[in-house]
Amino acid sequence: MATPGPRDIPLLPGSPRRLSPQAGARGGQGPKHGQQYLRMPSPRAPGLQSSSSRDPGQPCGGESARSISVINNYLDANEPVPSEARLSRMHFHDNQRKVDYVLAYHYRKRGAHLAQGSLGHSLAVISNGEMGKEPHAGGPGDIELGPLDALEEERKEQREEFEHNLMEAGLELEKDSENKSQGSIFVRIHAPWQVLAREAEFLKIKVPTKKMYEIKAGGSIAKKLSVVLQKLSSPLQPRVPEHSNNKMKNLSYPFSREKMYLYNVQEKDTFFDNATRSRIVHEILKRTACTRANNTMGINSLIANNVYEAAYPLHDGEYDSPEDDMNDRKLLYQEWARYGVFYKFQPIDLIRKYFGEKIGLYFAWLGLYTSFLIPSSVIGVIVFLYGCATIEEDIPSREMCDQQNAFTMCPLCDKSCDYWNLSSACGTARASHLFDNPATVFFSIFMALWATMFLENWKRLQMRLGYFWDLTGIEEEEERAQEHSRPEYETRVREKMLKESHKSAVQKLDTNTTECDDEDDEDKLTWKDRFPGYLMNFASILFMIALTFSIVFGVIVYRITTAAALSLNKATRSNVRVTVTATAVIINLVVILILDEIYGAVAKWLTKIEVPKTEQTFEERLILKAFLLKFVNAYSPIFYVAFFKGRFVGRPGSYVYVFDGYRMEECAPGGCLMELCIQLSIIMLGKQLIQNNIFEIGVPKLKKLFRKLKDETEAGETDSAHSKHPEQWDLDYSLEPYTGLTPEYMEMIIQFGFVTLFVASFPLAPVFALLNNVIEVRLDAKKFVTELRRPDAVRTKDIGIWFDILSGIGKFSVISNAFVIAITSDFIPRLVYQYSYSHNGTLHGFVNHTLSFFNVSQLKEGTQPENSQFDQEVQFCRFKDYREPPWAPNPYEFSKQYWFVLSARLAFVIIFQNLVMFLSVLVDWMIPDIPTDISDQIKKEKSLLVDFFLKEEHEKLKLMDEPVLRSPAGGDRSRSRAASSAPSGQSQPGSVMSSGSQHTNV
């Protein structure tokens, strides 16, 4: 073995360096007993070559045709390491190096055999070893792989090159050996301290410094109130360690290797937590190139090309292990992810520490939204109880129920329907008062202000969390530095370049890594390239919206024809309206649930056609498309009932017909508000119950069962000892992959629309939303902790485009509620009658005022009731509208009352909208986005940071000058300089330095 050279890891991966075998084992140990050499013949790995012999300007791979050897640490077949002897399932098999990331792929062989004297063990450790120059170093331990098919061979070569490039970047790998005919292979990745320090500096990761300062409360009253609230809420607090102390806080500063003296680095292995370590490794994986895969950039491209199946960080052990050892995952399960702790607050700091800031912000937002539903639920229940308490005092419903009034109504359909008494609709009228009363108007104003206050409080909470989580300094440059081009975008650009360039340009493309981040930020795909995708998006979205409207119209036709059919039968004639309404709403619900899934897939496909450059752009465009389609899908039946049903019916003698003999449907005698309430409640509750119980619980369990059955069918070669004690990466591989927060947010945003858009018709909507969210929080928590692979920690300062969507829904809800009150309910007609037409200022006579007369002799031929069994001969029948009577000069024209009521309705919409908008702006202005104490603490932190810097620099200069003052010899100065740059093992007092802390100019 060649003598190892000095270890040198530059700032950025891909630069030439010398790799030493000391990286293979701690403490600079060389190969021990049980270590063998794996010879990689040149046909299978021509991309692997000695880094010292490669031209620095060339990408790794592709130039060397000679055989090379990589140090591999095999477990000795005669001395197997039992699983029980493992100190941790989170480490390599040397029990020292922590597994920071795992790559998984599936392989298969047509035929494989081991050479004579083969080992028969199942583990190989690929470490940062010196590229061996002796091809015979492997000796009798060489493995001869059987022939693979062309595609599998190509993927194998791509994996070998990619893993070699990862080692070039400084990572350490441990890999299973492919000693079966087929199976899954796991590549464990460990990031040593030098790599962590280099990447933390490159990514500008904020870490705590030695300096701590006290966080002062606002005033004495606020401090006392805070203490009282903490004591009262102590039973509701989760029993987790405090990650963000409310009294003391560390000053944070972006990590810098030349300022190691600022940080309290006591133990390098634990200085960066698991989430940060996996985030660093993931950043390296995303920007590591593979020239064999058409210059593919990053692990996402390789997964898309099926080179690897999965890439994920490990969970912190098992959540239900009987051992006493406690980890963050187990703690989250016990104090957060169980339904038994539904009454407790969420451990937001622990969630953020384990899953990252993006998921932490989601659960913080969900928790605030759920807590804000409590006061709105209380007010909604009060409004509903007010309706129940005043139902006997409601004069219009009493008049409708009074049989002495004997309002003879016109037939509801042609021929088969008879005349009927208005008193037969007494139950509907009384039920309508529960939701159609003056209190609902004030509740609508309250909910509009509630939405504004919720958004303002979320902005304040977001700033508070940003301060405690050190997110206040995240700049756009940092976020842009972490953005990488999507694989589909790279492929599209490559195809465009291949079409437009000549052979020389293609060769140039093959010899130079296409790294979009290192080139200018100008988008390589012009609007001409994207125009077909945009055109397809526009046409598809219009088609989907038209499809939704068509289905709504189809349900309308179903209601009309079913009502006509049921009216022919005397037995079913009395329950026609209830039967038709209930069945139509259920059909709407089923269609909405089916189209929700279809539209989600269509939105994703349409976004892929656009070929967005970055993942953030892809996510934002996907969210907008999915929200638009799902919004139209969920609310179009409700909008129809609220604003269109009964508006285009016509009048007796001049009805509007959909088909021959089928009239447009009318509202119930008590108005459409009750039907709107039924429609809204069934769709809202159905979506919540079915999506939560079937889609979010049942579907993942079915997928898990399917994977388990599939694994059992392929478990013929599985080691029984391994199956009894599976490793953590095996357990995590069997979990569902994390696909993002878009479905979680989308579900809550649609619910937010149900709560705000039509709350005037259904005051109990916040109550059902609250009950659902109490379960939803624990359901999502359980899913993240127990059923999903651990997501990559993503650092973000806000919830992104979702806040804009929430703000838009809040503003739109003001308009929708104004129209619901003005047009759908009878609030405005009652006010107009009470103050303009009533003789005594009451609502006595209101029902008679809203009913117009029609002369039955003017009914069209063939539309009169057949075999009428009405008690008395009918000369005039009544219908609900404001029209002139038959004896007027202009019979059946709209009366003056109609125009008076219409103008009052429009005036109410304008006044209500402007009043509520003004109050919302006033609330927005009165509540500052940044809490005063947080603003003061941020200013204080900046001042303390400057003082801390000056003090530490002064101490450092003082330590450097002491040897100079003691010794007059010039040689002592050189010794002092050497001492100031000593490695971490020989750190000077007052500073913590490491071998990787020297500054590297790039």
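Residues numbered from 1 in each chain as written. Predicted model: local features only at pLDDT ≥ 70, side-chain atom pairs only at ≥ 80, totals over all residues. Heavy atoms only, no water.

Looking at an unreviewed UniProt entry, the protein carries the name Anoctamin, with the source organism given as Sapajus apella. The annotation that UniProt attaches to the protein under Sequence similarities (unreviewed entry) is "Belongs to the anoctamin family." (UniProt positions renumbered as here; feature names shortened; annotations may be inferred.)

> Help me understand the packing of helix 22 (residues 742-757) against helix 24 (residues 801-824), please; the structure alone is not making it clear to me.
Angle between the axes and distance between the axes: these two values describe a pair of packed helices. Running from N to C, helix 22 and helix 24 cross one another at 20°; their axes reach a closest spacing of 9 Å. When the axis of helix 22 is compared with that of helix 24, the two are roughly parallel. As for how helix 22 packs across helix 24, the hand of that crossing is right-handed. Contact residues: helix 22 offers Thr742, Tyr745, Met746, Ile749, Phe752, Gly753, Thr756 and Leu757, while helix 24 offers Trp802, Ile805, Leu806, Ile809, Gly810, Phe812, Ser813, Ser816 and Asn817. (Axes fitted to C-alpha atoms, helices over the stretch in contact; angles between N-to-C directions. Helix = DSSP H or I, 4+ residues; strand = E, 2+ residues; numbered from the N terminus. Parallel < 35°, antiparallel > 145°, perpendicular 65-115°, else oblique. Left-handed = near helix turned anticlockwise from the far one by under 90°. Contact = heavy atoms within 4.5 Å.)

> How should the packing of aromatic side chains be read in this particular structure?
Geometry of an aromatic ring pair is reported as the spacing of the ring centres plus the angle between the planes. A complete count under the given rule lists 59 aromatic pairs for this structure. An angle of 90° between the planes, with centres 5.8 Å apart, marks the rings of Phe342 and Tyr343 as edge-to-face. Looking at Tyr343, the relative accessible area reads 42%, which means it is partly exposed. Taking 5.1 Å as the distance between ring centres and 20° as the angle between the ring planes, the aromatic pair formed by Tyr745 and Trp802 counts as stacked. You can see Tyr745 sitting in helix 22 and its partner Trp802 sitting in helix 24, a full 57 residues away along the chain. You'll find Tyr745 and Trp802 in the same group, each marked buried. The ring of Tyr105 carries the charged tip of Arg159 above its face, separated from the ring centre by 3.8 Å. Of note, Arg790 hangs over the ring of Tyr354, and the distance from its end group to the ring centre comes to 3.8 Å. (Phe/Tyr/Trp six-rings, centres within 6.5 Å; stacked < 30°, edge-to-face > 60°. Buried < 20%, exposed > 50% of the residue type's maximum accessible area, 1.4 Å probe, protein only. Lys NZ or Arg CZ within 6 Å of the ring centre and 35° of its normal.)

> I'm lost on the UniProt feature "transmembrane region" (unreviewed entry) in the protein in this one. Help?
The UniProt feature table records "transmembrane region" (unreviewed entry) at residues 362-386, 439-455, 534-558, 578-602, 622-643, 748-771 and 906-927. Across residues 578-602, helical content stands at 100% and strand content at 0%; the span's end C-alpha atoms are separated by 35 Å. Secondary structure across residues 906-927 comprises 95% helix and 0% strand; the distance between its end C-alpha atoms is 32 Å.

> Before we go on, may I ask you to explain the state of the cysteines in this structure?
Linking two cysteines covalently through their sulfur atoms gives a disulfide. One pass over the full model with this rule turns up four disulfides. In this model Cys410 forms its disulfide with Cys877; the gap between the sulfur atoms is 1.9 Å. On the S-S bond that ties Cys410 to Cys877, the torsion sits near 85°, and the link is right-handed. Of the two residues, Cys410 is situated in the loop between strand 12 (408-409) and strand 13 (420-421) and Cys877 in strand 19 (residues 876-880); the sequence distance between them amounts to 467 residues. The pair Cys410 / Cys877 is uniform in exposure class, with both members buried. The connectivity of the disulfide-linked cysteines in the protein, indexed sequentially, is 1-5, 2-8, 3-4, 6-7. (Disulfide = S-S within 2.5 Å.)

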